[in-house]
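# Summary of the model geometry
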Amino acid sequence: MPNKNRKAIAADVVTQLEYKAYELRRKLILLTGKIGGAHIGGSFSMMEAIVALYFHYLAIDPKNPKMESRDIFILSKGHAGIGFCLALANRGFFPEEELDSFNQTGSHFAIHPERGIAGVEASTGSLGHGLGLALGFALAKKMDHRKERVVALLSDGEMCEGSVWEAVLAAAHNKLGSLVMLIDYNKMSQDGPLKEIMDISPLDEKLRAFGWNVHEVDGHSMIEILMAFEQLPKPLSNKPSAIILNTIKGKGIPWMENSVTWHYGGLDSEMEKKALRDLDKYYKPIRKAFEELKG
Ligand SMILES: Cc1ncc(C[n+]2csc(CCOP(=O)(O)OP(=O)(O)O)c2C)c(N)n1
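Let me sum up the structure you'll find in this document. Going along each chain's sequence as written, the residues are numbered from 1 onward. The predicted origin of the model limits local features to residues at a pLDDT of at least 70 and limits the giving and counting of side-chain atom pairs to 80 or more, whereas totals for whole chains, interfaces and linings rest on all residues. Think of the side-chain values as coming from all heavy atoms in the structure, minus any hydrogens and water.

## Looking at the site of the ligand
Around the ligand lies a shell of 15 residues, among which His-79, Gly-125, Ser-155, Asp-156 and Lys-249 are the nearest. For the area figures, the Shrake-Rupley method with a 1.4 Å probe applies, and any residue is considered shielded solely by the protein chains shown. Starting from 590 Å² of accessible surface for the ligand in isolation, the protein chains cover 76%. The residue inventory of the shell around the ligand, partitioned by class, reads 2 nonpolar, 10 polar and 3 charged. Proximity is defined per residue: if any heavy atom of the residue lies within 4 Å of a molecule or strand, that residue is considered near it. Any residue outside Ala, Val, Leu, Ile, Met, Phe, Trp, Tyr, Cys, Pro, Asp, Glu, Lys and Arg is labelled polar, Gly included; the first ten of those are nonpolar and the last four are charged.

Spelled out as structure tokens, the structure:
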């Protein structure tokens, strides 16, 4: 049954967002080369989701980051802060050049996102706390009868933590329809496949059993992510929602994909050149579609 409330998403919007995800991956490679090392794998796996949020879905205003009616986003997997901060800069929260000092001595950009940076709602990086923080925002909004969304993006590694499941329980108990949990399900952690560390499958069934709405999508398909956003129940409804993003750690550069080596890594100038070349090749169809759109 087609959902009558579903808004059509224009093809050119999808192309522009897909191109943005490619462009930010490119910027991340260049920045990694400059600063010496970065969390590339987990930034690349969440890139389409971050772009869909910051360049399409979230009600935010980079010129007024504290706007009362803004949606709230929390990057629970704070180690991917470099990917997040690149999106914030590119969206206009602060000049992109500021990121040249990312994770350098004296910089206000530490390796994890910190409150105080325009657009960052909560300091994260200690895994397992972002959903609890988002739950607090959502509860406050419910008490105030406000309709904004509260979105938290978690890694699959965080789904091994008890604090997350406590927040999952509490969100359903408190009927927090505004709360959306995105899970970057890349099936890899810092030092191996998640199945070997702690198997969290079947994640959809577990979350449904805990009283959540669950959507499962290809986390690198922009259209699938946007459609999942369109299908979210209204913020004042009674059930929290999860979107499981099936992703690939290191997505976009074949020799980085599904490899723990690229959870965090550095690039010398030869590797940087190779990474850019391979990325451009990988995204050739998207680059072509974008060029055609520009005419
Ligand atoms: C509480 C806590 N324990 C350990 C770490 C160190 N750490 C950083 S990233 C990571 C795991 C990375 O795997 P995953 O969480 O699945 O993230 P992704 O694959 O999306 O990068 C760990 C254990 C941490 N940041 N916080």
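Text resumes after the structure shown.
## Considering unusual backbone geometry
Among all residues except glycine, the phi angle is most often negative; among peptide bonds, the trans geometry is most common. A cis amide bond links Ser-201 to the next residue, Pro-202, at an omega of -5°. Helix and strand definitions follow DSSP, with helices as H or I runs of at least four residues and strands as E runs of at least two, each counted in order from the N terminus. Inspection of the secondary structure puts Pro-202 in the loop between α7 (194–197) and α8 (203–209). The phi dihedral of Lys-175 is positive, around 50°, even though this residue is not glycine. For Lys-175, the position within the fold is in the loop between α6 (162–173) and β3 (179–185).

## Observations regarding the pairing of strand β4 (residues 213–218)
Alignment of β4 against strand β5 (residues 241–246), held across 6 bridges, turns out to be parallel. When the bridges of β5 are listed, Asn-213 appears paired with Ser-241. With the strands pointing away from the viewer, any crossover whose connection runs clockwise from the first strand over the helix to the second is right-handed. Handedness of the crossover joining β4 and β5 through helix α9 (residues 222–230) is recorded here as right-handed. We treat two strands as partners when DSSP finds at least two bridges between them.

## Digging into the pattern of salt bridges
Charged atoms that come close allow side chains of opposite charge to pair. Salt bridge, as applied in this entry: a Lys or Arg side-chain nitrogen positioned within 4 Å of an Asp or Glu carboxyl oxygen. Enumeration over the complete set of coordinates arrives at 16 salt bridges. In this structure, the salt-bridge partner of Asp-280 is Arg-26, at a minimum N-O distance of 3.1 Å. Placement of Asp-280 in helix α10 (residues 269–282) and of Arg-26 in helix α1 (residues 11–35) is noted, with a sequence separation of 254 residues between them. Close ionic contact of Lys-141 with Glu-148 constitutes a salt bridge, the shortest N to O distance being 3.1 Å.

## Comments concerning the sheet that holds strand β2 (residues 150–155)
Spatial ordering of the open sheet is given by β1-β2-β3-β5-β4, a layout of 5 strands whose pairing is parallel. Looking at which strands have only one partner, the edges of the open sheet turn out to be β1 (72–75) and β4. In this sheet, adjacent strand axes meet at a mean angle of 20° when their direction is disregarded. Contact criterion: two residues are considered in contact whenever any of their non-hydrogen atoms come within 4.5 Å of each other. Orientation is described by lines fitted to C-alpha atoms, with helices fitted over the stretch in contact, and by angles between N-to-C directions that extend from 0 to 180 degrees. The sheet strands contacting helix α3 (residues 47–57) are β1, β2, β3 and β5, and the helix crosses β1 at an angle near 160°.

## Quick word on the packing of aromatic side chains
Under the pairing criterion, centres of Phe, Tyr and Trp rings, with the six-membered ring standing for Trp, must be within 6.5 Å; the plane angle then separates stacked pairs below 30 degrees from edge-to-face pairs above 60, leaving the rest tilted. Taken as a whole, this structure holds 13 aromatic pairs when the rule is applied. Summarising the aromatic geometry, the rings of Trp-255 and Trp-262 are spaced 5.7 Å apart at their centres and angled 75° between planes, so their arrangement reads as edge-to-face. An aromatic cluster is present here, built from Tyr-19, Tyr-22, Tyr-282, Tyr-283 and Phe-290 joined pairwise through their rings. Put simply, a charge is over a ring when the Lys NZ or the Arg CZ is close to the ring centre, within 6 Å, and near the line of the ring normal, within 35 degrees. The positively charged end of Arg-25 is found above the aromatic ring belonging to Phe-44, 5.6 Å away from the centroid. Sitting over the face of the ring of Tyr-185, Lys-187 holds its NZ or CZ atom 4.2 Å from the ring centroid.

## Remarks on the pairing of β2
When you tally the buried positions in β2, you get 6 out of 6 residues, the bulk of the element. Each residue's exposure class comes from its accessible area (1.4 Å probe, protein chains only) as a fraction of the maximum for that residue type: buried when under 20%, exposed when over 50%, partly exposed otherwise. Residues Val-150, Ala-152 and Leu-154 of β2 are buried on one face, and the alternating residues Val-151, Leu-153 and Ser-155, pointing to the opposite face, are buried as well. Bridge count for β1 against β2 is 4 bridges, and the pairing is parallel. Bridging across to β2, Ile-72 finds its partner in Val-150. Once you follow β2 into α6 and on to β3, the crossover reads as right-handed.

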